[in-house]
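Geometric and topological summary
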Amino acid sequence: MIIPATQKLQNPELLRTALHLPTEGMLAITPNQLVYLDVDNNYIHQLFPLLEKKQINMPNYFGAKSAGAHITVIYPEENTKINDQDLHQKHKFSVQNLIVADIGAKKYYVLLVASPSLLQLRRRYGLPDNLCFRGYSIGFHITIGVAQV
């Protein structure tokens, strides 16, 4: 797997705001088998406006069949069927850094997060510590903005 090019961003106001948001969520799954931690939508609604570049778009995560703000735990491409008893469980996480990652033709503005319980869950299913997204190896994160390269 490829490790994407990343750059740590300095945005003290955004990080300060993020540190005041709830740091737990409930494990859920979409119809296409994306397993995610459902987190407070303010991770996008409050933090996106604090990104400083005008060409960044809000992630398209809102609508009738969308996950909203979330931390991906298992991508559908990872072909792992999760047990029902693991769903609807609460998990805690901590905000680590704000970075931008270049993946394909997009730049993703994300908060890197750490969650020992989500890491244990991935390991229990025989998955590597990092997620596999379109051939890229990435850590747990909350996407707050996306830009075309």
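Structural notes, computed from the coordinates. (Residues numbered from 1 in each chain as written. Predicted model: local features only at pLDDT ≥ 70, side-chain atom pairs only at ≥ 80, totals over all residues. Heavy atoms only, no water.)

**Some details on unusual backbone geometry**
We count it as follows: Secondary structure counts use DSSP, requiring at least four H or I residues in a row for a helix and at least two E residues in a row for a strand, with both numbered from the N terminus. Working definition: with a 1.4 Å probe on protein chains only, accessible area under 20% of the residue-type maximum means buried, over 50% means exposed, and in between means partly exposed.
Even without a glycine there, the phi angle at Gln33 is positive, about 75°. In this structure, Gln33 sits in the loop between β2 (24-29) and β3 (35-38). Judged by its relative accessible area of 32%, Gln33 falls in the partly exposed class. Unlike most non-glycine residues, His88 shows phi in positive territory, near 65°. Assessed through its relative accessible area of 59%, His88 is described here as exposed.

**Overview of the sheet that holds strand β1 (residues 5-8)**
Across a sheet, strands are paired by hydrogen bonds formed along the backbone, either parallel or antiparallel in direction. For the record, the criterion: Should DSSP find at least two bridges between two strands, the strands are regarded as paired. Axis geometry follows a simple rule: fit a line to the C-alpha atoms, using only the stretch in contact for helices, then measure angles between N-to-C directions, giving values from 0 to 180 degrees.
Pairing within the open sheet is antiparallel, and its 4 strands lie in the order β1-β6-β7-β10. The open sheet is flanked by β1 and β10 (141-148), the only strands paired with a single partner. Shown here is a sheet whose adjacent strand axes are inclined to one another by a mean of 25°, direction ignored. Where strand β7 (residues 106-114) and β10 come together, 7 bridges link them in antiparallel fashion. Pairing of Tyr108 across the sheet is with Val146, part of β10.

**Here's the deal with the pattern of salt bridges**
How we decide: For salt bridges, the criterion is a side-chain nitrogen of Lys or Arg within 4 Å of an Asp or Glu carboxyl oxygen.
Enumeration over the complete set of coordinates arrives at 6 salt bridges. Between Glu24 and Lys90 there is a salt bridge; the shortest N-O distance is 3.5 Å. Note that Glu24 is positioned in strand β2 and Lys90 in strand β5 (residues 90-92), a separation of 66 residues in sequence. Across the pair Lys107 and Asp102 runs a salt bridge, and its minimum N-O distance is 2.8 Å. Salt bridges sharing partners connect three or more residues here, namely Glu24, Lys90 and Lys92.

**Section: the side chain of Asp86**
Formally: Two N or O atoms count as a polar contact when they lie within 3.5 Å, although within protein this holds only if one can serve as hydrogen donor and the other as acceptor, and sequence-adjacent residues are included solely when both atoms are side-chain atoms. What makes two residues a contact is simply this: any of their non-hydrogen atoms within 4.5 Å.
Along the chain, Asp86 falls in the loop between β4 (70-74) and β5. Judged by relative accessible area, which is 11%, Asp86 ranks as buried. Polar contacts involving the side chain of Asp86 include one to the side chain of Arg124, which spans 2.7 Å. Once you skip the residues sitting within four places of it in the chain, Asp86 turns out to touch Leu27, Leu121, Arg124 and Tyr125.

**What to know about the environment of Leu34**
Looking at where Leu34 falls in the secondary structure, it is placed in the loop between β2 and β3. Relative accessible area serves as the criterion here: at 13%, Leu34 is assigned to the buried category. Setting aside residues no more than four positions away along its own chain, Leu34 makes contact with Ala28, Ile29, His70, Thr72, Ile74, Tyr75 and Pro76.

**Regarding the environment of Ala114**
The topology assignment puts Ala114 in strand β7. On the basis of relative accessibility, which here comes to 28%, the residue Ala114 falls in the partly exposed class. Sequence-wise, Ala114 and Gly139 are 25 residues apart; in three dimensions their C-alpha atoms are separated by 8.4 Å. Residues contacting Ala114, with those up to four places away along its chain left out, are Lys92, Phe93, Ser94 and Gln96.

**Observations concerning the packing of aromatic side chains**
What counts, and what does not: The rule is short: rings of Phe, Tyr and Trp, with Trp giving its six-membered ring, pair when the centres are within 6.5 Å, and they are stacked under 30 degrees, edge-to-face over 60, tilted in between.
Enumeration according to the criterion identifies 3 aromatic pairs in this entry. Aromatic side chains Tyr75 and Phe133 sit 5.1 Å apart centroid to centroid with 35° between the ring planes, which places their arrangement in the tilted category. One end of the pair, Tyr75, is in the loop between β4 and β5; the other, Phe133, is in strand β8 (residues 131-133), and 58 residues separate them in sequence. Each member of the pair Tyr75 and Phe133 is classed as buried. Ring plane angle 90° and centroid distance 6.0 Å describe the contact between Tyr108 and Phe133, whose orientation is recorded as edge-to-face. Taken as a pair, Tyr108 in strand β7 and Phe133 in strand β8 lie far apart in primary sequence, 25 residues in all. Accessibility expressed as a relative area gives 11% for Tyr108, which makes it buried. Looking at Phe133, the relative accessible area reads 12%, which means it is buried.

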